[in-house]
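In case you want the letters, here they are:
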Amino acid sequence: MANSGQKVVLITGCSSGIGLRIAVTLAKDEKQRYHVNNAGVGLLGPVESISIEEMKRVFDTNFFGVVRMIKEVMPDMKKRRSGHIVVMSSVMGLQGVVFNDVYTASKFAMEGFCESMAVQLMKFSIRLSMIEPGPVHTEFETKMMENVAKMDFPGVDADTVRYFKDVYLPSSIDIFEAMGQTPEDIAKCTKMVIESDSPRFRNLTNSLYTPIVALKYADETGGLSVNTFYNLLFNFGPLMHITMSILKCLTCSCLRRRTISPN
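### Thoughts on a nonpolar patch on the surface
On the surface, Tyr163, Tyr230 and Phe234 cluster together into a nonpolar patch covering about 280 Å² of accessible area. Residue position: tyrosine 230 is located in helix H9 (residues 223-235). Classification of tyrosine 230 as partly exposed rests on a relative accessible area of 45%.

Below you can see the structure in the form of structure tokens.
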């Protein structure tokens, strides 16, 4: 049992990546007692090549896993009229990304569920926070990118495969190298949110993504963000590569430190 004044935190997969770093970061805090756990799966590629079963697997972990966890802890929190639920989401829960259709959909579902739950939970003095990273350098992400680059994608038309391998993947690598954070960055942000007296509902871990997300809310028709991403990917690819290269050079350690703060 936790002593009076101590926080007990249950986070849902900490065998590697972000979950492991969160567990290690919280475990170093001698003033608090944390119970840590974390889970999530990715899926990348042309949607024609992805089976419904694979899609269900992603939703079962990324969406229904969160729902099951909240359903489990919520009754006791309501009785105590206190608690703080922290959910690991993604910037892809706010902005769709080409060739990440199913993963993005699972994160959109999570965001909608949590946004709805947050209103009800507030009445019981329970706080709900979303952690929304952009690209993160993990072994899982590296292996996934390497694997999909080697796949043939049978049944998918040649143009789509070419767009995926020759246009999307190089651009995605540029973005990861220029804007990617480390699992440690996400862990620090998560710890700040957990320890905050007034935690925010949404917490973008990378301020470099703020203008990108803002595009979506600047135009209610959706055309601005869709057309912008289309042009960046298909019409201004070389310019985007140069921009990401410059950004990578300019993104010094002091800027990276500023991106991890949820405040």
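Let us keep going from here.
### Brief notes about the packing of aromatic side chains
If you walk through the whole model with that rule in mind, you get eight aromatic pairs. Taken together, a centroid distance of 5.4 Å and an interplanar angle of 75° make the contact between tyrosine 163 and phenylalanine 234 edge-to-face. Within this pair, whereas tyrosine 163 is found in helix H6 (residues 158-179), its partner phenylalanine 234 is found in helix H9, the two being separated by 71 residues in sequence. Relative to tyrosine 168, the ring of phenylalanine 164 lies with its centre 5.7 Å away and its plane at 10°, an arrangement referred to as stacked. Placement of both phenylalanine 164 and tyrosine 168 in helix H6 is noted, with a separation of four residues, approximately one turn of the helix.

### Description of the nonpolar core
Grouped together as the largest cluster of nonpolar side chains are 18 residues, with contacts concentrated most on Ile70, Ile85, Val87, Met110, Cys114, Leu121 and Leu128. Breaking this core down by element, the ones donating at least two residues are helix H3 (64-80), strand E1 (83-88), helix H4 (101-122) and strand E2 (126-132). At seven residues, the largest contribution of residues to this core is made by H3. Beyond its immediate stretch of four places on either side in the chain, isoleucine 70 contacts Ile85, Val87, Phe113, Cys114 and Leu128.

### Focus on the confidence of the model for the chain
Mean pLDDT over the chain stands at 80; residues scoring 70 or higher make up 76%. No element of the chain has a lower mean pLDDT than helix H11 (residues 253-259), which averages 47, and none a higher one than H4, which averages 95. Low pLDDT, under 50, characterises residues 33-37; the predicted model gives this stretch 26 contacts beyond four residues in sequence or across chains. Contacts for the low-pLDDT stretch residues 250-258, under 50 throughout, to residues beyond four places or in other chains number ten contacts.

### Considering the packing of helix H2 (residues 52-62) against H4
For any two helices packed against each other, one specifies the inter-axial angle together with the distance between the axes. One can describe the packing of H2 onto H4 by two numbers: an axis separation of 9 Å at closest approach and a directional angle of 30°. Considering the angle they form, H2 stands roughly parallel to H4. By crossing handedness, the relation of H2 to H4 is classed as right-handed. Counted together, Met55, Val58, Phe59 and Asn62 of H2 and Val102, Tyr103, Ala105, Ser106, Lys107, Ala109 and Met110 of H4 form the full contact between these two elements. Tallied by class, residues from the contact of H2 with H4 come to eight nonpolar, two polar and one charged.

### Notes on unusual backbone geometry
If you check the backbone angles, phenylalanine 99 has positive phi at about 65° while not being a glycine. Within the secondary structure layout, phenylalanine 99 lies in the loop between E1 and H4. Even without a glycine there, the phi angle at serine 125 is positive, about 60°. As for its position among the elements, serine 125 is in the loop between H4 and E2.

Thresholds applied
- Along every chain, residues carry numbers that run from 1 in the direction the sequence is written.
- In keeping with the predicted nature of the model, local features appear solely for residues at pLDDT of at least 70, side-chain atom pairs appear and are counted solely at 80 or more, and the whole-chain, interface and lining totals rest on all residues.
- Just so you know, side-chain values use all the structure's heavy atoms and leave hydrogens and water out.
- Exposure above 30% relative accessible area and no salt bridge define the residues that can form patches, which grow by joining like charges within 9 Å and nonpolar side chains of Val, Leu, Ile, Met, Phe, Trp and Tyr within 5 Å.
- Methods summary: accessible areas were calculated by the Shrake-Rupley approach with a probe of 1.4 Å, and residue burial reflects only the protein chains presented.
- Salt bridges are counted wherever a side-chain nitrogen of Lys or Arg sits within 4 Å of a carboxyl oxygen of Asp or Glu.
- The way it works is that DSSP assigns letters per residue, a run of H or I at least four long becomes a helix, a run of E at least two long becomes a strand, and they are numbered from the N terminus.
- Three labels apply to residues, based on accessible area from a 1.4 Å probe with only protein chains included: buried if under 20% of the type maximum, exposed if over 50%, partly exposed otherwise in between.
- Ring pairs are drawn from Phe, Tyr and Trp, using the six-membered ring of Trp, whenever the two centres fall within 6.5 Å, and their geometry is named by plane angle: stacked under 30 degrees, edge-to-face over 60, tilted for the rest.
- Nine residue types can take part in a nonpolar core, namely buried Ala, Val, Leu, Ile, Met, Phe, Trp, Tyr and Cys, and a core is a set of them joined through side-chain atoms within 4.5 Å.
- Contacts are residue-level and defined by heavy atoms, with any inter-residue pair within 4.5 Å sufficient.
- On a range of 0 to 100, pLDDT expresses the predictor's confidence in each residue.
- Inter-axis angles, ranging from 0 to 180 degrees, are taken between N-to-C directions of lines fitted to C-alpha atoms, where helices are fitted over the stretch in contact.
- Orientation is classified from the angle alone, with under 35 degrees giving roughly parallel, over 145 giving roughly antiparallel, 65 to 115 giving roughly perpendicular, and any other angle giving oblique.
- Each crossing gets its hand from how the near helix is turned against the far one by less than a right angle, where anticlockwise is left-handed and clockwise is right-handed.
- In this classification, Asp, Glu, Lys and Arg are treated as charged, Ala, Val, Leu, Ile, Met, Phe, Trp, Tyr, Cys and Pro as nonpolar, and every other residue, Gly included, as polar.

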